[in-house]
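Below are the chains, spelled out letter by letter.
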Amino acid sequence: MALKTPQQYLDDLRRMNIELYMFGEKVENRVDHPIIRPSINSLAMTYKLALDPEYEDIMTATSNLTGKKINRFTHLHQSTDDLVKKVKMQRLLGQKTGSCFQRCVGLDAFNALYSTTFEIDQAHGTEYHQRFKKYMEYVQENDLVVDGCMTDARGDRSKSPGQQPDPDAYLHVVERRKDGIVVRGCKLHQTGLVNSHEILVMPNNSLKENEKDWAVSFAIPLDTPGMIYVYGRQSCDTRRLEGGTVDIGNVHFGGQEVMAIFNDVFVPWERVFMDGETDFTTMLVERFAGYHRQSYGGCKVGVGDALIGAAKAIADYQGTSNASHIKDKLVEMCHLNETLYCCGIACSSEGQKTAAGNYLIDLLLANICKQNITRFPYEMARLAQDIAGGFFVTMPSEKDFEHPVIGPLVKKYAASRADVPVEHRQRMLRLIENLTLGTAAVGYLTESMHGAGSPQAQRIMIGRLVNLEHRKQLAETLCGIRENPDIDW
Ligand code: SF4
Ligand code: FE
């Protein structure tokens, strides 16, 4: 099988029986659950667009492992052009879903692990890279969704994994057997986890030599015994249970965040890609984070396009689009959004080949990209709310608009331009609410802040990667403190 259809993907999910909880109850059928289904629809879009000839160039790639055509979400980047196409693919999907489509964490984990396992093997004589290549062939051949799984529970933040009173605060190896390892712990904020076929675990952070049990990377199928999943709730999530479509805002799509508990889970050796190599944890974490910081220069820009469109539409519907300050606010939103895109493209274009052969983004520029992402979507959301006016948080519910007695009155007073149906105004205001305050705001705003590392994580990297001494020398040369070797005429 080269490329799966959305239907085949849904069938896969139905076949996997997992222990999933939401609102204190076990979920037996997650595929048809009204709160979960929109997030599955977002992922299904990654399959659908890969089969569309119009998007073939950005949605598919040729595997360096098998030479076959594969979904770009399972690709090991072979050039800077591949890195650029990844960002374009993510922008496209952000536009089409108006939400987080969840498949990028796996892609970013593949590329980080592919290069890191190669370098671990070179240094330690291990065989992780061959194992990982075999795993990637399986992923590509079956067109799988894999959840890249990094963030631990982390207990007391002032203590490192080895110092925690509860060692399970960070996922770790509790037993090594002849046939594999047993792990225990919990990974938080797992985007799209129960919509995935597989989980690919990585350590949370740089580790010290005496923290070998926490330096572990492996992959398991979602339905592995011992795995327990708890669904994260999101603002306005129960609107999906009300039965209508207007108040949801984004009718078909949404994101998903999950708490994943590893309750003494067995992993066979052929699925272990790191076990105790603490000296490579920094490399793995930085590369994964770097790729994911690049990703946001695509996905958030795509969702930003949808938000700009909603702001423009509501201005038209409400009769304010000719006001100069509204036009200027829309221009400002575009300026901010395209600046983010510039960052995503720049860190991709400046990528470099790794020792393993796949391409890594420019880490400094990827961190700059993500640092801007922690700010600009918030400003864009502020501008969209400014343009929308206050009705998106004071508007009566869909049911009031449909009520036989008060409905006509509510519609009469909710009307704006005579040639615009009241329901269009309702829907557009609800979409703005969804993107800036509701379920999609989790992906568009909070994840922009904390996903792929909170703002301070990027500032630490920027401080490390920028050569300030070089810049100081430039200044000293210009003002004559240093001799200028270039002046030889
Ligand atoms: Fe992909 Fe963006 Fe969602 Fe991360 S936040 S999984 S990059 S869509
Ligand atoms: Fe993310």
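All values derive from a computational prediction rather than experimental measurement.

Caption draft 1: Seen up close, the overall build of the chain. Along the chain, the regular secondary structure elements total 17 helices and 14 strands. The C-alpha atoms of the chain give a radius of gyration of 24 Å, which matches the 23 Å a tight globule of 489 residues would have. Across its three principal directions, the C-alpha atoms of the chain cover 75 × 75 × 50 Å. The buried share of the chain, taken over its 489 residues, is 57%.

Caption draft 2: Highlighting the packing of aromatic side chains. If you walk through the whole model with that rule in mind, you get seven aromatic pairs. Plain terms: the ring middles of F73 and F101 are 6.3 Å apart, the flat faces sit at 70 degrees to each other, and that makes the pair edge-to-face. Of the two residues, F73 is situated in the loop between strand 4 (69-71) and helix 4 (80-97) and F101 in the loop between helix 4 and helix 5 (104-124); the sequence distance between them amounts to 28 residues. Note on accessibility: F73 and F101 belong to one class, buried. A centroid spacing of 6.2 Å and a plane angle of 85 degrees characterise the contact between F218 and F262, whose relative ring orientation is edge-to-face. With F218 in strand 9 (residues 216-221) and F262 in strand 11 (residues 257-268), this pair connects stretches of sequence that are 44 residues apart. Each member of the pair F218 and F262 is classed as buried. An aromatic cluster is present here, built from F132, Y135, Y138 and F273 joined pairwise through their rings. In this arrangement the basic side chain of R103 is found over the ring face of Y47, its NZ or CZ atom lying 4.4 Å from the centre.

Caption draft 3: Quick peek at the layout of surface pockets. In this structure, the largest pocket occupies an estimated 1,200 Å³ of space. Lining of the largest pocket is provided by 44 residues; of these, T151, H450, A452, G453 and S454 occupy positions nearest its centre. Those elements that place two or more of their residues in the lining of the largest pocket are strand 5 (146-149), strand 7 (180-191), strand 11, helix 7 (281-318), helix 15 (439-450) and helix 16 (455-465). Ranked by residues supplied to the lining of the largest pocket, first place goes to helix 7 with eight residues.

Caption draft 4: Broad picture of the coordination of the iron ion (ligand 2). Taken together, the protein ligands of the iron ion (ligand 2) are H292 (NE2), Y296 (OH) and E447 (OE), with distances of 2.1 to 2.6 Å. Along the chain, the residues that donate to the iron ion (ligand 2) are spaced as H-x3-Y-x150-E. With H292 in helix 7 and E447 in helix 15, this pair connects stretches of sequence that are 155 residues apart. Accessibility expressed as a relative area gives 7% for H292, which makes it buried.

Caption draft 5: Here's a closer look at the environment of R430. Tracing the backbone through its elements, the reader meets R430 in helix 14 (residues 422-436). In the structure, R430 is positioned 184 residues away from V246 in sequence and 7.1 Å away in space, judged by C-alpha atoms. Dropping the residues within four chain positions of it, R430 is found in contact with R239, V246, D247, G249, F392, M395, P396 and S397. Here the side chain of R430 touches D247 through a polar contact of 3.1 Å, side chain to side chain. Side-chain polar atoms of R430 contact the backbone oxygen of P396, separated by 3.3 Å.

Caption draft 6: Spotlight on the packing of helix 8 (residues 324-349) against helix 9 (residues 363-373). Close contact between helix 8 and helix 9 brings their axes to 8 Å; oriented N to C, the two are set at 160 degrees. Between helix 8 and helix 9, the angle falls in the class roughly antiparallel. For the element pair helix 8 and helix 9, the recorded crossing hand is left-handed. Two secondary-structure elements touch here, helix 8 through L340, C343, G344, A346 and C347 and helix 9 through L365, A366, C369, N372 and I373.

Caption draft 7: Spotlight on empty space enclosed by the protein. Evaluated as defined, the whole model comprises six cavities of 30 Å³ or more. Of the volumes computed, that of the largest cavity is approximately 130 Å³. Lining the largest cavity are 13 residues, and of these I35, Q234, D237, G255 and T439 lie nearest its centre. Here the residues of the lining of the largest cavity are counted per class, giving three nonpolar, seven polar and three charged. Considered as a void within the structure, the second largest cavity measures approximately 110 Å³ in volume. Every residue lining the second largest cavity is counted, 17 residues in all, and those nearest its centre are C100, G255, T439, A440 and G443. Counting residues per element, the ones that place at least two in the lining of the second largest cavity are helix 7 and helix 15. With six residues, the top contributor of residues to the lining of the second largest cavity is helix 15.

Caption draft 8: Spatial organisation of helix 15. The terminal C-alpha atoms of helix 15 lie 16 Å apart, and with 12 residues this matches the ideal 16 Å at 1.5 Å per residue to within 8%. Inspection of helix 15 places T439, A440, A441, G443, Y444, L445, E447 and S448 among the buried residues, and these make up the whole buried set. At its buried positions, helix 15 is contacted by strand 7, strand 11, helix 7, helix 9, helix 10 (376-388) and helix 14. Once helix 15 ends, the next one or two residues include A452, with phi positive near 55 degrees.

Scoring rules and cut-offs
- Residues numbered from 1 in each chain as written.
- Chains lettered and ligands numbered in written order.
- Predicted model: local features only at pLDDT ≥ 70, side-chain atom pairs only at ≥ 80, totals over all residues.
- Heavy atoms only, no water.
- Helix = DSSP H or I, 4+ residues; strand = E, 2+ residues; numbered from the N terminus.
- Rg over C-alpha atoms; globule rule 2.2 N^0.38 Å.
- Buried < 20%, exposed > 50% of the residue type's maximum accessible area, 1.4 Å probe, protein only.
- Phe/Tyr/Trp six-rings, centres within 6.5 Å; stacked < 30°, edge-to-face > 60°.
- Lys NZ or Arg CZ within 6 Å of the ring centre and 35° of its normal.
- 1 Å grid on protein atoms, 1.4 Å probe; cavity = no way out; pocket = protein on both sides within 12 Å on 5 of 7 lines; lining within 4 Å.
- Points joined across faces, edges and corners; volume = space filled by probe spheres on them.
- Donors = N, O, S within 2.8 Å, 3.2 Å for Na, K, Ca; no water.
- Contact = heavy atoms within 4.5 Å.
- Polar contact = N/O pair within 3.5 Å; in protein donor to acceptor, adjacent residues only side chain to side chain.
- Axes fitted to C-alpha atoms, helices over the stretch in contact; angles between N-to-C directions.
- Parallel < 35°, antiparallel > 145°, perpendicular 65-115°, else oblique.
- Left-handed = near helix turned anticlockwise from the far one by under 90°.
- Nonpolar A, V, L, I, M, F, W, Y, C, P; charged D, E, K, R; others polar.
- Expected span 1.5 Å × (residues − 1).

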